[in-house]
Amino acid sequence: MIEKNLSSLKEEITAIAHRCGRAAENIQLVAVSKRFPVEVMLEAIKYGHNLFGENYIQEATDKSQYLPQGAELHFIGHLQSNKARLAAEISTMIETVDRAKLGHTLNRHLEKLNKKLDILIQVNIAKEPQKSGIAPEHAESLAAELSRLPMLQLKGLMTMPPLTTTPEEARPHFRNLRLLAEQIRGKGYFHDDSMELSMGMSSDFKVAIEEGATYIRIGTAIFGQRPPR
Ligand SMILES: *Cc1c(COP(=O)(O)O)cnc(C)c1O
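Structural notes, computed from the coordinates. Numbering of residues begins from 1 in every chain and follows the order in which that chain's sequence is written. In keeping with the model being predicted, local features are shown solely for residues with a pLDDT of at least 70 and side-chain atom pairs are shown and tallied solely at 80 or more, while totals for entire chains, interfaces and linings include all residues. Excluding hydrogens and water, the side-chain values take into account all heavy atoms of the structure.

**With respect to the site of the ligand**
Nearness of a residue to a molecule or strand requires only that one of the residue's heavy atoms be within 4 Å of it. For the ligand, the set of nearby residues contains 13 residues, the closest of which are Lys-34, Asn-55, Ser-202, Thr-220 and Arg-226. In the analysis that follows, any N or O atom pair within 3.5 Å is treated as a polar contact, provided that within protein one partner can donate a hydrogen and the other can accept it, and provided that, for residues neighboring in sequence, both atoms belong to side chains. Within the backbone of Gly-219, one N or O atom sits 2.8 Å away from an oxygen atom of the ligand. Separating an oxygen atom of the ligand from a side-chain N or O atom of Thr-220 is a distance of 2.5 Å. Out of a free accessible area of 390 Å², the ligand has 90% covered by protein chains. Here the term charged refers only to Asp, Glu, Lys and Arg, the term nonpolar to Ala, Val, Leu, Ile, Met, Phe, Trp, Tyr, Cys and Pro, and the term polar to all other amino acids, Gly among them. When its residues are assigned to classes, the shell around the ligand shows six nonpolar, four polar and three charged. Areas reported here follow the Shrake-Rupley algorithm with a probe of radius 1.4 Å; residue values treat only the protein chains shown as occluding.

**Structural notes on the pairing of strand 2 (residues 51-54)**
Side-chain alternation along strand 2 places Leu-51 and Gly-53 on one buried face and Phe-52 and Glu-54 on a second face that is also buried. Two strands qualify as a pair provided DSSP detects at least 2 bridges between them. A helix here means a DSSP run of H or I that spans at least four residues, while a strand means a run of E at least two residues long, and both kinds are numbered starting from the N terminus. Bridge count for strand 1 (residues 28-32) against strand 2 is two bridges, and the pairing is parallel. Bridge pairing in strand 2 places Val-32 opposite Gly-53. Handedness of the crossover joining strand 1 and strand 2 through helix 2 (residues 38-46): right-handed. Here four bridges tie strand 2 to strand 3 (residues 72-75), and the two strands are oriented parallel to one another. Within strand 3, the residue paired with Glu-54 across the bridge is Phe-75. Orienting the strands away from the viewer, one traces the path from the first strand over the helix to the second; a clockwise path indicates a right-handed crossover. Regarding topology, helix 3 (residues 57-64) serves as the crossover connection from strand 2 to the parallel strand 3, and that connection is right-handed. Each residue is placed in one exposure class: buried if its accessible area under a 1.4 Å probe, protein chains only, is under 20% of its type's maximum, exposed if it is over 50%, and partly exposed if it falls in between.

**Points about the nonpolar core**
Residues grouped as a nonpolar core are buried Ala, Val, Leu, Ile, Met, Phe, Trp, Tyr and Cys residues, joined through side-chain atoms within 4.5 Å. Counting residues in hydrophobic clusters, the biggest one holds 68 residues, and the most contacted among them are Ile-94, Leu-106, Ile-121, Val-123, Leu-157, Ile-216 and Ile-222. Per-element accounting of this core gives the leading share, six residues, to helix 1 (residues 2-19). With residues up to four places along the chain from it excluded, the contact list for Leu-106 reads Leu-79, Ala-84, Ala-88, Ile-94, Val-97 and Leu-152. Grouped together as the second largest cluster of nonpolar side chains are six residues, Leu-51, Met-93, Leu-120 and Tyr-215 included. Here a residue-residue contact requires only that any non-hydrogen atoms of the pair lie within 4.5 Å.

Everything listed is a geometric property; what it means functionally is a separate question.
Take a look at the structure:
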């Protein structure tokens, strides 16, 4: 099941990329394994997939003990400052930095670990009251501040658009994230002039790729229905 899902997803990503004139290598699949046992991750690794997304620090820390060298973990959940040290230790990227204080806390732990870490800023692109992420109009000044922290390598932006009934309704939100990222890149705040965009999930990744996603975060379409918490 996992092997078949991964290979058909990768074919689909390649097809969509070609259709919109993009290189498929610039679109990375983050396999979201939250709430699944580590065995499903090991199965994906067996089929050559090494990049995973996790939402809960304790769960991710427990699973990370069993992952081989070379497995990459993106932290994609809401991150509390008191969990920053663990997140810094186990992640190859934190996609959900949404406030300056968290950036400073991460930087301090990373100095002790002597580790540089790729991060994204999570943007609450539609300014939904209950959602994490910084408001779009404050993203640039947060980027300016984070870009000065030596152990953080700010690579781009991440978002979760509002839940919609059709994927097409997410398009303007994805487009707005890209426009915001272009503005921030223009100011020189992204590490190495990169511009990563983490957007799109099982239901709307096609639209996200058309709008420039470089990371798509897919759970259900790879691993099936998630077990309850
Ligand atoms: C759970 C989750 C996903 C994956 O969602 P699916 O609909 O299962 O593909 C992606 N991003 C974030 C932030 C998530 O929490």
